[in-house]
Amino acid sequence: MSTETPDAALETELAALPLVDHHVHGASADDLGRDVFETLVTESDRPIPAFMTQFDSQIGFAIRRWCAPVLGLPAHASPEDYLARRAELGAAEVNRLLLTASGVGRYVVETGYRGDDVLSPAGMTAVSGRPAHEVVRVERVMEDVAASGVAAADLPGRFREELRRRTEHAAGLKSIVAYRHGFAFDPAPPGDREAVAAAGRWLADAERTGEWRVSDPVLLRLGLWAAAERGLPLQLHAGYGDPDVELHLCDPLLLTRWLKLVEPTGTDVLLLHCYPYHRNAGYLAQVFPHVYFDVGLGVNYTGSRSAELIAESLELAPFAKILFSSDAWGPAELHFLGAHLFRRGLGRALRHWVDAGEWSERDAVRVARMIGVDNALRVYRLEDAP
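It should be emphasised that the depicted structure is a prediction, and the values quoted were computed from it without experimental measurement.

Caption draft 1: Region of the structure containing unusual backbone geometry. For the peptide bond that leads from Y275 to P276, omega is 5 degrees, which places it in the cis range. Structurally, P276 is set in the loop between strand 6 (269-273) and helix 13 (278-287). The phi angle at H76 is positive, at roughly 70 degrees, despite the residue not being glycine. Not every positive phi belongs to a glycine, and R114 is a case in point at roughly 45 degrees. One can find R114 in the loop between strand 2 (104-110) and helix 6 (121-128).

Caption draft 2: Representation of the pairing of strand 5 (residues 234-238). Extensive coverage of strand 5 is indicated by the burial of five of its five residues. The two faces of strand 5 match: L234, L236 and A238 on one face and Q235 and H237 on the other face are all buried. Here five bridges tie strand 5 to strand 6, and the two strands are oriented parallel to one another. Residue pairing for strand 6: Q235 is matched across the bridge by L270.

Caption draft 3: Representation of the packing of helix 8 (residues 155-166) against helix 11 (residues 217-230) in the model. Running from N to C, helix 8 and helix 11 point in directions that differ by 40 degrees, and their axes come no closer than 11 Å. Considering their axes alone, helix 8 and helix 11 lie oblique with respect to each other. Of the two possible hands of crossing, helix 8 and helix 11 adopt the one that is right-handed. Residues L155, P156, F159, R160, L163 and R164 of helix 8 lie in contact with helix 11, whose contacting residues are L222, G223, A226, A227, E229 and R230.

Parameters at a glance
Residues numbered from 1 in each chain as written. Predicted model: local features only at pLDDT ≥ 70, side-chain atom pairs only at ≥ 80, totals over all residues. Heavy atoms only, no water. Helix = DSSP H or I, 4+ residues; strand = E, 2+ residues; numbered from the N terminus. Buried < 20%, exposed > 50% of the residue type's maximum accessible area, 1.4 Å probe, protein only. Pairing = 2+ DSSP bridges. Axes fitted to C-alpha atoms, helices over the stretch in contact; angles between N-to-C directions. Parallel < 35°, antiparallel > 145°, perpendicular 65-115°, else oblique. Left-handed = near helix turned anticlockwise from the far one by under 90°. Contact = heavy atoms within 4.5 Å.

And the structure:
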């Protein structure tokens, strides 16, 4: 007699998945006027031209279609009605409604980008009722050590000590070397003399300018290798981002030699977002056992086209190497949409293959759970976490 259970309905299972958002930032606790709100739903850091609105974009249309009903408005409510309703409810209620409606079961929160301006991991837990874990930004730790007062000769050692201290209870680490230099760097770890010389140049410049922003490629390599030696999962921004990146230098294929060198450390490397290089990231995740990826940031900003992006991310990599993230920061709409559009896009891709007879429904449900939940729990060692 068969002990197998009947096939579950794919859509029902997807809707119920307690997604693990493995790379996210806090939601804004502030009420947001229209000007501020619009600047937070784009990756541009430039003023919005007077002739346009960010609501006339894929993400703007997605907010009006999918977030409006969560706030008690009809789908496709006008921007004016939407923002008026948002102001009427207040930031705390907007956050509660959107975060709980997302169905996210666990947050892995990166705190290195303007962390004081958004909810902390504990704040995300308080609003959503879901556990949250911290990811520490490598470059922020190095900058804090430098700003605290340190001699160049002592910076490498002090940095490693502080990195260990701050990550004692962290789920992972993240580097923004893609923003600060790009991936076309010498993949080898820097020698001590090289690192100290670079630290001396940086500290002298920072003392003169008051700007503690690490961008020297030698020091960025120091940070990457110290993070890899720490042994925690290491997230790397790749591809699409704000104008601070030079996109052609953010193709993850440029990391190939570094990935080969770092493989013996046993550290898992998670390539974040990756658009428009997501197929390249899929290749790297296929050929290197320690490489994973997602299409996080690209999902929200491609809106009604996000299903195609998600389907493309499923072309090459083993399904045990793909994760879900929203990369949301600020408006809770980004947290909700990241989860909603991901479920919808993944469901559409899997349903197409099931209906075509390529997959069984049972396998589709199993893969959806792998990508949405189980892979992140395994990589970040959260299976037994509260």
